[in-house]
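Chains, contacts and geometry: an overview
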Amino acid sequence: MRESFEKQEDPLSRGEKAILKELGPHTLTMLNELRDEIEQGSYSMILGDDASGRIPALMVWNVLKEIYTRRGLTPPVMRYIAGSAGRYLDLREGQEKLHERMSQLESTFSTTEDQVSDKVLIVTDTIVTGRSLFAILDSLVARGIHFDIASIGVMNLEVAKDMEEKYGCKIVYGMSGEDATPKIYRTLLSGVRKDRGLDAVAIKDGNADQSKVNAVRKYLKEKIVPSLIKDYESTK
């Protein structure tokens, strides 16, 4: 008779765990760059750029929640917004979709629960041209909401500099250069994907393994986030 308490098989492979671990040092670099804002409790909301930015955003949010709590500050809320596909911006019909999307984005900040009094921290996985973020940034500017951007990777530093000047924000990143796209970008581990349209939120990815998606969140919470918090606190 088989024992009833067999060790449950881990849904995540070693390779998948390595992909998640890869984000750790880059995330720590970003957190250290944002230390002044974090210590002051400047960020009232973490806004994850879906879909591939969802896991980095979860990491940052969980770290900030703990740090804010330790400092006696109100933790930021977590929200997700799907960046628009750049190809739509040059099409006449795309302008109408973009206008609709802007209204959707603005409504995200219109409810009492989501009212933002300080800064928003936008978290994404990679900045290439920045175009996928423009609709989000324009919406925030239109509402008078200040923000900073944290990206695991930036492929072109001139692009980041131009965005900082245009929007008056701070952009921090963990790595830069042609190979600055983290491997998480090419996985289904977030469990969501961008719709082909311009909806303000990503949709569930039917090709993703939900057991892996759940395991990712557990692995972040139990392994990666505690390590990040420890490293952040030790480099005061």
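Structural data are supplied above this passage.
Residues numbered from 1 in each chain as written. Predicted model: local features only at pLDDT ≥ 70, side-chain atom pairs only at ≥ 80, totals over all residues. Heavy atoms only, no water.

Among the nonpolar cores identified, the biggest contains 40 residues, and Leu 20, Ile 38, Ile 55, Leu 64 and Leu 121 are the most heavily contacted of them. Contributions of two or more residues to this core are made by helix H1 (14-33), strand E1 (43-50), helix H3 (54-70), strand E3 (119-127), strand E4 (147-154), strand E5 (171-176) and helix H7 (210-234). Looking at this core, the element that brings in the most residues is H3, giving 10 residues. If sequence neighbours within four positions are ignored, Leu 20 has contacts with Leu 12, Ile 55, Ile 184, Leu 189, Val 216, Tyr 219 and Ile 224. Judged by nonpolar contacts, the second largest core, of 21 residues, contains Ile 136, Leu 140, Phe 147 and Ile 149. (Core = buried A, V, L, I, M, F, W, Y, C linked by side-chain atoms within 4.5 Å. Buried < 20%, exposed > 50% of the residue type's maximum accessible area, 1.4 Å probe, protein only. Helix = DSSP H or I, 4+ residues; strand = E, 2+ residues; numbered from the N terminus. Contact = heavy atoms within 4.5 Å.)

What follows covers the packing of H3 against H7. Where H3 contacts H7, the axes come no closer than 9 Å and their chain directions differ by 50°. Taken together, the axes of H3 and H7 lie oblique to each other. Regarding H3 and H7, the two cross each other, and that crossing is right-handed. Here H3 contributes Arg 54, Ile 55, Leu 58, Met 59, Asn 62, Val 63, Glu 66, Ile 67 and Arg 70 to the contact with H7, which in turn contributes Val 216, Arg 217, Leu 220, Ile 224, Val 225, Leu 228, Ile 229, Tyr 232 and Glu 233. Its residues assigned to classes, the contact of H3 with H7 shows 12 nonpolar, one polar and five charged. (Axes fitted to C-alpha atoms, helices over the stretch in contact; angles between N-to-C directions. Parallel < 35°, antiparallel > 145°, perpendicular 65-115°, else oblique. Left-handed = near helix turned anticlockwise from the far one by under 90°. Nonpolar A, V, L, I, M, F, W, Y, C, P; charged D, E, K, R; others polar.)

A few words now on the sheet that holds E1. Ordered by their spatial adjacency, five strands build an open sheet running E2-E1-E3-E4-E5, and the pairing between neighbours is parallel. Two strands close off the open sheet at either side, each with one partner strand: strand E2 (77-82) and E5. Averaged over all neighbouring strand pairs, the angle between strand axes comes to 20°, with direction disregarded. Against the sheet, H3 engages E1, E2, E3 and E4, with an angle of about 165° to E1. (Pairing = 2+ DSSP bridges.)

Three or four residues apart is the spacing at which side chains of an α-helix point the same way, because the helix has 3.6 residues per turn. Helix length check: helix H5 (residues 131-142), at 12 residues, gives a terminal C-alpha distance of 17 Å against a target of 16 Å (1.5 Å per residue), a fit within 8%. When we look at burial in H5, the residues that qualify are Leu 133, Phe 134, Ala 135, Ile 136, Leu 137, Ser 139 and Leu 140. Following H5 by one or two positions, Gly 144 has its phi on the positive side, about 70°. (Expected span 1.5 Å × (residues − 1).)

Here we take up the packing of aromatic side chains. For the structure on display, the rule yields two aromatic pairs. With centroids separated by 6.4 Å and ring planes inclined at 40°, the aromatic side chains of Phe 134 and Tyr 167 adopt a geometry described as tilted. With Phe 134 in helix H5 and Tyr 167 in helix H6 (residues 157-167), this pair connects stretches of sequence that are 33 residues apart. Between Phe 147 and Tyr 167, the aromatic rings sit 6.1 Å apart at their centres with planes inclined by 55°, giving tilted as the arrangement. Of this pair, Phe 147 sits in strand E4 while Tyr 167 sits in helix H6; the two residues are 20 residues apart in sequence, bridging distant segments of the chain. (Phe/Tyr/Trp six-rings, centres within 6.5 Å; stacked < 30°, edge-to-face > 60°.)

With 17 residues, H3 extends 24 Å from end C-alpha to end C-alpha; this agrees with the ideal 24 Å at 1.5 Å per step. The buried count for H3 comes to 12 of 17 residues, which makes it a mostly enclosed element. When we look at burial in H3, the residues that qualify are Arg 54, Ile 55, Pro 56, Ala 57, Leu 58, Met 59, Val 60, Trp 61, Val 63, Leu 64, Ile 67 and Tyr 68. Taken from the residues just after H3, Gly 72 is the one with a positive phi, measuring 75°.

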